[in-house]
Amino acid sequence: MNSQAASLLVIFGATGDLGQRMLLPSLHSLERDGLLPESLQILCCARSNLDREAFHAQVAESITRRTPPQDRSEDSVQRLLARVDYLPVDLEDQESINRLTRLVTERRTGEVLFHLSTAPRWYGHVCAALGAAGLTGPGTRVMMEKPIGHDFASSVGINDAVATTFDEGRIYRVDHYLGKEGVQNLLALRFGNALFEPLWNARHIEQVQITVAETVGVEGRAGYYDESGAMRDMVQNHLLQLLCLTAMEPPSRFDPSAVRNEKIKVLRSLRPIQGADIATHSVSGQYSAGAVDSVAVPGYIEELGAPSRTETFVGLRAHIDNWRWSGVPFYLRTGKRMARRCSEICLQFRAVPHSIFANGGARVEPNALVIHLQPEEHISLHLMNKAPGLDRGGLRLSQVALDLDLDDAFEDVRRRGAYERLYIDAIEGNSTLFVRRDEVETAWHWVDEILSGWRNNEHGPKRYQAGTWGPSSAVTLTERYGHSWRE
Ligand code: BG6
């Protein structure tokens, strides 16, 4: 782990959607609370020919749009802007690279963090240009946004290109789900409590469901999205990271090697979904027109304005072939324009071995632990209880949840956005919550096999109406095995 905090943060692609929507507003929140190192300078770069004032105006407007009034002030915005400079950069132009080199050399007083928020096909090129300009080497590190590639082969290409200038210990691959409070709380819940570990295995758990459902459509990113689809955009990264944190063995320490060594074992134990399993273990869908939150919305093809076979929904039945999880299905699903926004992990326990209440007709439902990640963070443990009454015909049972609302429990503590956490860690040189090369490539390898199975199937994604939980085949995916999605 690097111990010295960065003195200069250089963001490439700073005028882009992510930069304006998430990165600069997150840096503002850190600035407001005095969490950025005092000497940190921020150099924002992009192709647009803006001067410092014009860029500052853009940043101030983004902060105003993205930050509630009570969480910003003229002073906090000005303090951030005082650190921020803008440089138009064209990496095809040597004179432009020379200007960048001069500025970085002048401004750095210690370590440098480069943040690549451009299209990933540029990553290798940016790193090569930085290397040739002598801007890499000890005391520098690089943070990169997803997606790292489009498939296994292209991810290896990008990783190889970046590796020619930065060794793995200095590369910080972002999966912003790892920066979310709720996701880190999954680690706290599993490894900060002795209660769950004895039950966290195939002997006691019947099935696991991981859902990341969104109500938004493609949000003006149709060009990118149509090339990607839900499998590349969400499953390859966010859902598989959630799966790793849910299924991994206890790491010996909370540090980059220990945590990532356990995650990679999960990815390597994923059973390939191929051949006949493609039909029974995977579902792809695409939304048609419908209504979300009672508002009519167009279908994907209408939004795109062209015919497309890109999936906006994925459902999978995955298996982890190791001792802990042998025989336990992990159902994964994610989709756009679904019935409601919700990200959650549900572990359903096995039924009691024998019900003493069966004669009275009472049904004993299996227990479930549900970790709700968003929009609210709470944890609920569903337990059977006696329903009140005299029950002369036999005890009546009802399932009631023990609910832990984290927003309530920590109501005086500010919840940090994912990028606040990730920036602080990258600035301070802690890569525990970043993704290692072997994770990215192993995840691509698993996902590629399913995509290739889909390509060979001429039917393409099944339609589902916007505002629902996906195509009907998603229901069959679980019900064929006697399970049903939690809704
Ligand atoms: C991004 C995807 O990585 O995650 C988007 O590219 C998706 O398509 C987003 O909408 C979801 O993130 P969050 O934090 O809103 O759940």
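Residues numbered from 1 in each chain as written. Predicted model: local features only at pLDDT ≥ 70, side-chain atom pairs only at ≥ 80, totals over all residues. Heavy atoms only, no water.

A. Representation of empty space enclosed by the protein. Tallying each qualifying case throughout the model produces three cavities of 30 Å³ or more. When its volume is computed, the largest cavity comes out at roughly 140 Å³. Lining the largest cavity are 18 residues, and of these D175, Q236, N237, V435 and V440 sit closest to its centre. Of all elements in the fold, only α8 (222-247) and α14 (437-455) reach the threshold of two or more residues within the lining of the largest cavity. With five residues, α8 is the single largest residue contributor to the lining of the largest cavity. The residue makeup of the lining of the largest cavity, split by class, is ten nonpolar, three polar and five charged. When its volume is computed, the second largest cavity comes out at roughly 40 Å³. Classifying every residue of the lining of the second largest cavity gives six nonpolar, one polar and one charged. (1 Å grid on protein atoms, 1.4 Å probe; cavity = no way out; pocket = protein on both sides within 12 Å on 5 of 7 lines; lining within 4 Å. Points joined across faces, edges and corners; volume = space filled by probe spheres on them. Helix = DSSP H or I, 4+ residues; strand = E, 2+ residues; numbered from the N terminus. Nonpolar A, V, L, I, M, F, W, Y, C, P; charged D, E, K, R; others polar.)

B. Structural context of the packing of aromatic side chains. Inspection of the entire model under this criterion finds eleven aromatic pairs. With a centroid separation of 5.9 Å and an interplanar angle of 80°, the aromatic rings of Y287 and Y300 are classed as edge-to-face. Of this pair, Y287 sits in strand β8 (residues 282-288) while Y300 sits in helix α11 (residues 300-304); the two residues are 13 residues apart in sequence, bridging distant segments of the chain. Of the two residues examined, Y287 and Y300, each falls in the buried class. Members of the aromatic cluster, connected to one another through ring pairs, are Y225, Y287, Y300, F313 and Y464. Stacked on the ring of Y177, the Lys or Arg K180 has its end atom at 4.6 Å from the ring centre. (Phe/Tyr/Trp six-rings, centres within 6.5 Å; stacked < 30°, edge-to-face > 60°. Buried < 20%, exposed > 50% of the residue type's maximum accessible area, 1.4 Å probe, protein only. Lys NZ or Arg CZ within 6 Å of the ring centre and 35° of its normal.)

C. Structural context of the pattern of salt bridges. For the structure on display, the rule yields 41 salt bridges. R79 is the salt-bridge partner of E31, the closest N and O atoms lying 3.4 Å from each other. Taken together, the residues span a long stretch of sequence, with E31 in helix α1 (residues 17-32) and R79 in helix α3 (residues 74-83) at a distance of 48 residues. The residue R47 makes a salt bridge to D90 at a minimum N-O spacing of 3.9 Å. (Salt bridge = Lys/Arg side-chain N within 4 Å of Asp/Glu carboxyl O.)

D. Inspection of the site of the ligand at higher detail. Neighbouring residues of the ligand: K146, H176, Y177, K180, E214, R221, D233, M234, H238, K336, R341 and Q374. R221 has a polar side-chain atom sitting 2.5 Å from an oxygen atom of the ligand. D233 is positioned with one of its side-chain polar atoms (N or O) 2.6 Å from an oxygen atom of the ligand. Contact with the protein chains removes 81% of the 400 Å² of surface that the ligand exposes when unbound. With three residues, the top contributor of residues to the shell around the ligand is α8. (Near = heavy atom within 4 Å. Polar contact = N/O pair within 3.5 Å; in protein donor to acceptor, adjacent residues only side chain to side chain. Areas by Shrake-Rupley, 256 points an atom, 1.4 Å probe, with all protein chains shown as cover.)

E. The pairing of strand β13 (residues 342-349), seen in detail. Across the eight residues of β13, seven count as buried, placing the element largely inside the fold. Strand direction decides the pairing type here: strand β7 (residues 205-213) and β13, joined by eight bridges, are antiparallel. Bridged to I210 within β13 is I345. Looking at chain direction, β13 and strand β14 (residues 368-374) are connected through six bridges and run antiparallel. Opposite L347, over in β14, you have L369 as the bridge partner. (Pairing = 2+ DSSP bridges.)

F. Quick peek at the packing of helix α9 (residues 256-269) against α14. Where α9 meets α14, the axes come as close as 10 Å, and the angle between the chain directions of the two elements is 15°. Considering their axes alone, α9 and α14 lie roughly parallel with respect to each other. The handedness of the crossing between α9 and α14 comes out as left-handed. On α14, the residues touching R260, K263, I264, L267 and R268 of α9 are D438, E439 and T442. Split by residue class, the contact of α9 with α14 holds two nonpolar, one polar and five charged. (Axes fitted to C-alpha atoms, helices over the stretch in contact; angles between N-to-C directions. Parallel < 35°, antiparallel > 145°, perpendicular 65-115°, else oblique. Left-handed = near helix turned anticlockwise from the far one by under 90°. Contact = heavy atoms within 4.5 Å.)

G. Region of interest: the sheet that holds β7. The nine strands are arranged β16-β15-β14-β13-β7-β12-β11-β8-β17 in an open sheet whose pairing can be described as mixed. The sheet is open, and its two edges are formed by β16 (397-405) and β17 (462-465), each paired on a single side. Averaged over all pairs of adjacent strands, the angle between their axes in this sheet comes to 20°, without regard to strand direction. For β14 and strand β15 (residues 378-386), the ladder comprises five bridges, and the chain directions are antiparallel. Note that in β15 the partner of H372 across the bridge is H378.

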